[in-house]
Amino acid sequence: MSSSFFIKKKENAKVKKHAEAPKRKADVDGKSKVRAKKANSKYNEEISSDSEAESHEGTRKRQSNEEHEYEETPQEKKLRLAKLYLDQLKEEEEKKAEDDSFETDLIAGRLQEEVLEQKGKLQRFIAKDLMPPDASEIRVLRGHKLPITCLVITTDEKYIFSAAKDCSIIKWDVESGKKLHTVPGGRKGTEDRHVGHTAHVLCMAVSSDGKYLATGDMNKLIMIWEAETCKHLYKFTGHKGPVSGLSFRKGSHDLYSASHDRSVKVWNVDENAYVETLFGHQDAITGLDSLSRERCVTAGGRDRSVRVWKIAEESQLVFHGHQGSIDCIQLINEEHMITGADDGSVSLWSVNKKKPLSTVKQAHGCHGDEGLEQPHWVASVAALQNSDTVASGSHNSQVQLWKCGQNYRSLEPLFSVPVSGFVNSLKFSSSGQFLVAGVGQEHRLGRWWRIKEAKNGIYIIPLKRKLPNPEEAKVTE
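Note that the structure is predicted; figures quoted are calculated from it, not measured.

Enquirer: What is the right way to read the overall build of the protein chain from this model?
Expert: Scanning the protein chain for helices and strands turns up five helices and 32 strands. Across the 477 residues of the protein chain, 46% fall into the buried class. Sequence-distant contacts in the protein chain: of pairs separated by 6 or more residues, those separated by 24 or more amount to 50%. Accessible surface computed for the protein chain: about 25500 Å², of which carbon and sulfur atoms make up 49%.

Here's what the structure looks like:
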């Protein structure tokens, strides 16, 4: 308010100095009259003070009369400034209310998403917008000498960790594709002096804060690493068979591990401590996953069961559906999961149903002579969390993307991406901008089948999205 007052004072001072320049009237009609008179006058505002002497008396009198006619009284000026101030306050309040409303809606939307996520009912529909990438857009990272067996992507999507049958671990920079750290594998019999794995690495996990990396191998060992530097921290022992699955509970440093010894173990990495062991599977466990809840899910291989382990309640739920060995499992959200089996099928599950919600048989087609066809078994699955998009990999040199129907009641093929070899591991980036496939000449667990023309590598597959239809955009606006 004070600012407006002083500006007006300067204007009055200027009028007093230049008697020929008329003062402005507050209302619009007065301004219009002054402009009209000035337009017909020989003299206007552009005339300098030097021309004062040339002005005749009649003009001076007329301007003096105009000045007198349109000059504000102190009371009028106070009223005008008060009105301006009130209008300004009103405008500021309206803008603040609008901003508060937007922020409230945003927070409410986020809270609603968090509630749905915790309930396992959040499903973002993005599959309809995905497009298959061009072959030239797919990047391949090579560094392992033997088939890649597993990989993980950090939550911030900056790094990929991969491991292979050569017992090595490599940390990659996603943007540049360069190797940042390599932990070489050691030879069998050098376990006492070698820092790292001396047997095939079968699984790995990275904590959600990017602090720890965990890796498990055929030698029944779990190793904990500092993810930033790949410095070795701890070694966990206790499993009596190869370690086949690892997962950090989201938002914590609790680690779940699964093994061919049919057990699930819980560890506290911060304390370098073992917590407990869970039993139930009747055959080697082939895969494990977890999210935020204090529970994990496992695939039981040839016992053909999927199990949900409720850690705090010390209970488990058992599910059946596949006709073959269930080799891989991944949670989509807290209530739904996807599995793949060596009978060639891919299934969607709810933790509230004992049987699959949907199953696609021969998901990757068949191979073999006519009349003796066998399905390509599913070696890996991945899920873009809280979305309707999942993927599966096999040894038919294809990564297949799928769209989950409403409430995960169906599974429809989207498109496939060609890769050369066994797809032993699949992971979506957190944002869904890309999918990473770990590919090798052999299956991660055996050497009974070898694809000679395949090359060991990590495929970074961009997930392109369709541009919105301009016509639809206009309607929305």
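Next comes the rest of the description.
Enquirer: Explain a nonpolar patch on the surface here, please?
Expert: On the surface, a nonpolar cluster with roughly 270 Å² of combined accessible area is contributed by Tyr85, Leu86 and Leu89. The topology assignment puts Leu89 in helix α4 (residues 74-119).

Enquirer: Sorry, what's going on with the pairing of strand β31 (residues 457-462) here?
Expert: The two faces of a sheet get side chains in turn, since along a regular strand they alternate between them. Within β31, five of the six residues are buried, which leaves it mostly tucked inside the rest of the structure. Note that strand β2 (residues 139-141) and β31 share three bridges and pair antiparallel. By the bridge assignment for β31, Arg139 is matched with Ile460. With six bridges connecting them, strand β30 (residues 434-440) and β31 associate as antiparallel partners. Following the sheet pairing, Val439 is matched in β31 by Gly457.

Enquirer: Any chance you could explain a negative patch on the surface here in plain terms?
Expert: There is a patch of like negative charges on the surface, built from Asp87, Glu91, Glu92, Glu93, Glu94 and Glu98. Here Glu98 shows up in helix α4. Assessed through its relative accessible area of 59%, Glu98 is described here as exposed.

Enquirer: How should I be thinking about the sheet that holds strand β26 (residues 389-394) in this particular structure?
Expert: Adjacent strands of a sheet pair through backbone hydrogen bonds, lying either parallel or antiparallel. Across the sheet, four strands lie side by side as β25-β26-β27-β28; this open sheet has antiparallel pairing. Two strands bound the open sheet, and with one partner strand each, they are β25 (378-383) and β28 (411-418). Adjacent strand axes in the sheet meet at a mean angle of 25°, parallel and antiparallel pairs treated alike. Of the strand pairs in this sheet, β26 and strand β27 (residues 398-404) are connected by five bridges, and their pairing is antiparallel. The partner of Val390 across the bridge, within β27, is Trp402.

Enquirer: I tried to follow the sheet that holds β2 on my own but got confused; where do I start?
Expert: Across the sheet, which stays open at both edges, the four strands sit in the order β2-β31-β30-β29 with antiparallel pairing between neighbours. Here the strands that pair on one side only, and so sit at the sheet edges, are β2 and β29 (422-428). Geometrically, the sheet is characterised by an average inter-axis angle of 25° between neighbouring strands, direction not taken into account.

Enquirer: Is there a simple way to think about the pairing of strand β14 (residues 273-279) in this case?
Expert: One ladder, built from six bridges, connects strand β13 (residues 263-268) with β14; its direction is antiparallel. In the sheet register, Val266 faces β14, and the bridge partner there is Glu276. If you look at the hairpin formed by β13 and β14, you'll find four residues sitting between the two strands, and Asn272 has a positive phi there, around 55°.

Enquirer: Would you mind showing me how to read the environment of Gly405 here?
Expert: With respect to the element layout, Gly405 can be found in the loop between β27 and β28. If we ignore the near neighbours within four places in the chain, the residues touching Gly405 are Gln123 and Ser410.

Enquirer: What should I look at first to understand the nonpolar core in this one?
Expert: With 20 residues, the main nonpolar core has Val399, Leu401, Leu426, Phe428 and Leu435 as its most contacted residues. Contributions of two or more residues to this core are made by β27, β28, β29, β30 and β31. Residues within four places of Phe428 in sequence aside, it is in contact with Ile153, Ala382, Ala383, Leu384, Thr389, Val390, Ala391, Leu401, Phe434, Leu435 and Leu463. Grouped together as the second largest cluster of nonpolar side chains are 16 residues, Ile332, Ile338, Leu357 and Val381 included.

What counts and what doesn't
- Residues numbered from 1 in each chain as written.
- Predicted model: local features only at pLDDT ≥ 70, side-chain atom pairs only at ≥ 80, totals over all residues.
- Heavy atoms only, no water.
- Helix = DSSP H or I, 4+ residues; strand = E, 2+ residues; numbered from the N terminus.
- Buried < 20%, exposed > 50% of the residue type's maximum accessible area, 1.4 Å probe, protein only.
- Contact = heavy atoms within 4.5 Å.
- Areas by Shrake-Rupley, 256 points an atom, 1.4 Å probe, with all protein chains shown as cover.
- Patch = residues over 30% accessible without salt bridge, like charges linked within 9 Å, V, L, I, M, F, W, Y side chains within 5 Å.
- Salt bridge = Lys/Arg side-chain N within 4 Å of Asp/Glu carboxyl O.
- Pairing = 2+ DSSP bridges.
- Lys, Arg positive; Asp, Glu negative; His and termini not counted.
- Charge placed at Lys NZ, Arg CZ, Asp CG, Glu CD.
- Axes fitted to C-alpha atoms, helices over the stretch in contact; angles between N-to-C directions.
- Core = buried A, V, L, I, M, F, W, Y, C linked by side-chain atoms within 4.5 Å.

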